[in-house]
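This is what each chain is made of:
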There are 2 protein chains.
Amino acid sequence: MQNNNPNNTSYNNHCCHTHIQGHDNKVKSQKSCISLVPIFNHLENHQMEEIIKVIKSVSYKKGEIIYRAGDQSDSLYIVSSGKIKIYRLSESGKEQLLHILLPGDFTGELALFRESVHESFAEAMEDTSICMITRSDLQKFLEKYPSIALKILSELSGRLDAIEKQTTSFATNSVEKRIADFLVECTKNQEMEFTLPMSQKDLASYLGTTPETISRKLSSLEDEGYIKQLPRRRIRILDLDGLIQNY
Amino acid sequence: MQNNNPNNTSYNNHCCHTHIQGHDNKVKSQKSCISLVPIFNHLENHQMEEIIKVIKSVSYKKGEIIYRAGDQSDSLYIVSSGKIKIYRLSESGKEQLLHILLPGDFTGELALFRESVHESFAEAMEDTSICMITRSDLQKFLEKYPSIALKILSELSGRLDAIEKQTTSFATNSVEKRIADFLVECTKNQEMEFTLPMSQKDLASYLGTTPETISRKLSSLEDEGYIKQLPRRRIRILDLDGLIQNY
DNA sequence: CGCTGTCTTGAAGCGTTTCAACACAAGTGG
DNA sequence: CCACTTGTGTTGAAACGCTTCAAGACAGCG
């Protein structure tokens, strides 16, 4: 229960992360995968070993689909290295980006704990390797080590909070405000200068607008002196307080 | 794990429920409160008894606030009878209705499993009684009966799914489509004629629009022959397939 | 180097909001 | 029980924010 440390089991902030995973990607063992995720890394070494025995490691190339809405599933997926985008399609066929998973994040919980089919799509944004643990294996460990269940509960409540916040933002804020919020969010773990974590096209999909509007709003924020756009998707925040207050 | 029955641990559909809770509200014991909720009602009788010993029952009058954003919390709240609305305020002060809890639903999980303060508001929409179980008591039971954790995991994943769907709807659909979807959803458990589960003002807040727009769109749906508006917030669906297909 | 996808910019159009005024219903107190 | 008050729903007209379409500039990748 406890655990009020937001870093502990939280989703990585999708925004503007430093690419921790380095050139030693291929060196990474399955062990690192388990020790990486907050839901398992509090366990004793021998307990982790036990889990490592049953996990399966799979690699995906950039652009490959890991699962689709409607796919049967019985595994939890943990990102070991790389970057995965999770999105939904509305009935009209429009894509909406829900989140970007970074190393240590997991997905597949819906299929695990409720339905047996996915409701969303998962696609590798770059070459990515993931660890999989099957439903029945996970269930064994949940019963054996109830602390894992508590970690997952904490993680899911956190996601619930995050997405409720996002829904409220969609329902009550202008596109301009949502973009400003996103930029402010990007400065949370980082410096005042950072690389946008995704293309403007994806950002548009994430914020529920169009690439044209993203481009225009970024330009107008630049005109007003709040930010400076640099090459290679880099952005420098010039007036953070102004950004926060005026939008 | 198992449990693919969507009815089992799902949020009550907010929409258009029959008021099951009758004139015998006051007769309801704390026992009914526990046996009512999917997260506990699979337990043996003697296990439920154990839980009943530690729960606290509280009543609220219509309009009373059960908790506010920022409030400290260490309890899980289970609705025993009545109706509670959960909403958030955006920074700009706009209210967004997130869901309506009916008997058997619970809330407070965020404060329980993660932060210690609420991010949303809970307000009694009518005279309501709830059962509370404290964090430390709940934790004991989670360890003693891991199946409870699995039920809660299932419930939370289901909510995650529902709210992701809602977010996608905000991001990709017109207001008209969202209203049409809502009406279609209302017919899921009910007849083709039902009472709107909330005022148009609240519905507007729930769907991220204004009361004026709700009123106009309902009128235009009526003009086009899809629905008929009746007194006392009742609606009759005349052409369900049309509603589904044309929006 | 050239191709393909991403970003930019303009102009027109549309859906939704906003404000205001009024009708109507529900709840309260004399 | 009616009059009064308060809140909810309706309707119109104007304004606004965002999308759409189209065309061109630019960057990244094979």
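The sections below set out a description of the structure shown in this document. (Residues numbered from 1 in each chain as written. Chains lettered and ligands numbered in written order. Predicted model: local features only at pLDDT ≥ 70, side-chain atom pairs only at ≥ 80, totals over all residues. Heavy atoms only, no water.)

As a further point, take the pattern of salt bridges. Counted by the stated rule, this structure contains 32 salt bridges over all chains. The closest approach of N and O atoms between Glu164(B) and Arg88(A), which form a salt bridge, is 3.2 Å. Residue Glu164(B) is found in helix H5 (residues 146–172), and its partner Arg88(A) is found in strand E4 (residues 84–89); the two belong to separate chains. An identical accessibility class is assigned to Glu164(B) and Arg88(A); each is buried. (Salt bridge = Lys/Arg side-chain N within 4 Å of Asp/Glu carboxyl O. Helix = DSSP H or I, 4+ residues; strand = E, 2+ residues; numbered from the N terminus. Buried < 20%, exposed > 50% of the residue type's maximum accessible area, 1.4 Å probe, protein only.)

What follows covers the pairing of strand E7 (residues 121–124) of chain B. All names here are of chain B. What you see with E7 is no split at all: Phe-121 and Glu-123 on one side and Ala-122 and Ala-124 on the other are buried throughout. Relative to E7, strand E2 (residues 65–67) is paired through two bridges, and the arrangement is antiparallel. Across the sheet, Tyr-67 pairs through a bridge with Ala-122, a residue of E7. (Pairing = 2+ DSSP bridges.)

It is at 9 Å that the axes of helix H6 (residues 146–172) of chain A and H5(B) come closest, and there the two elements cross at 20 degrees. Here H6(A) lies roughly parallel to H5(B), going by the angle between them. Crossing handedness for the pair H6(A) and H5(B): left-handed. Tallied by class, residues from the contact of H6(A) with H5(B) come to 16 nonpolar, six polar and four charged. (Axes fitted to C-alpha atoms, helices over the stretch in contact; angles between N-to-C directions. Parallel < 35°, antiparallel > 145°, perpendicular 65-115°, else oblique. Left-handed = near helix turned anticlockwise from the far one by under 90°. Nonpolar A, V, L, I, M, F, W, Y, C, P; charged D, E, K, R; others polar.)

We now examine the relation of the copies chain A and chain B. Note: a rotation about an axis with an accompanying shift along it relates these two copies of the chain. Superposition of chain A onto chain B requires a rotation of 180 degrees combined with a translation of 0.0 Å along the rotation axis, giving an RMSD of 0.1 Å. Within this description, the copies of the chain are treated as partners about a two-fold rotation axis. If distances are taken from each C-alpha of chain A to the rotation axis, the shortest is found for Thr167(A), at 2.6 Å. The share of interface residues of chain A whose copies in chain B are also at the interface is 100%, consistent with both copies meeting through the same surface. (Least-squares fit on C-alpha atoms with pLDDT ≥ 70 in both. Contact = heavy atoms within 4.5 Å.)

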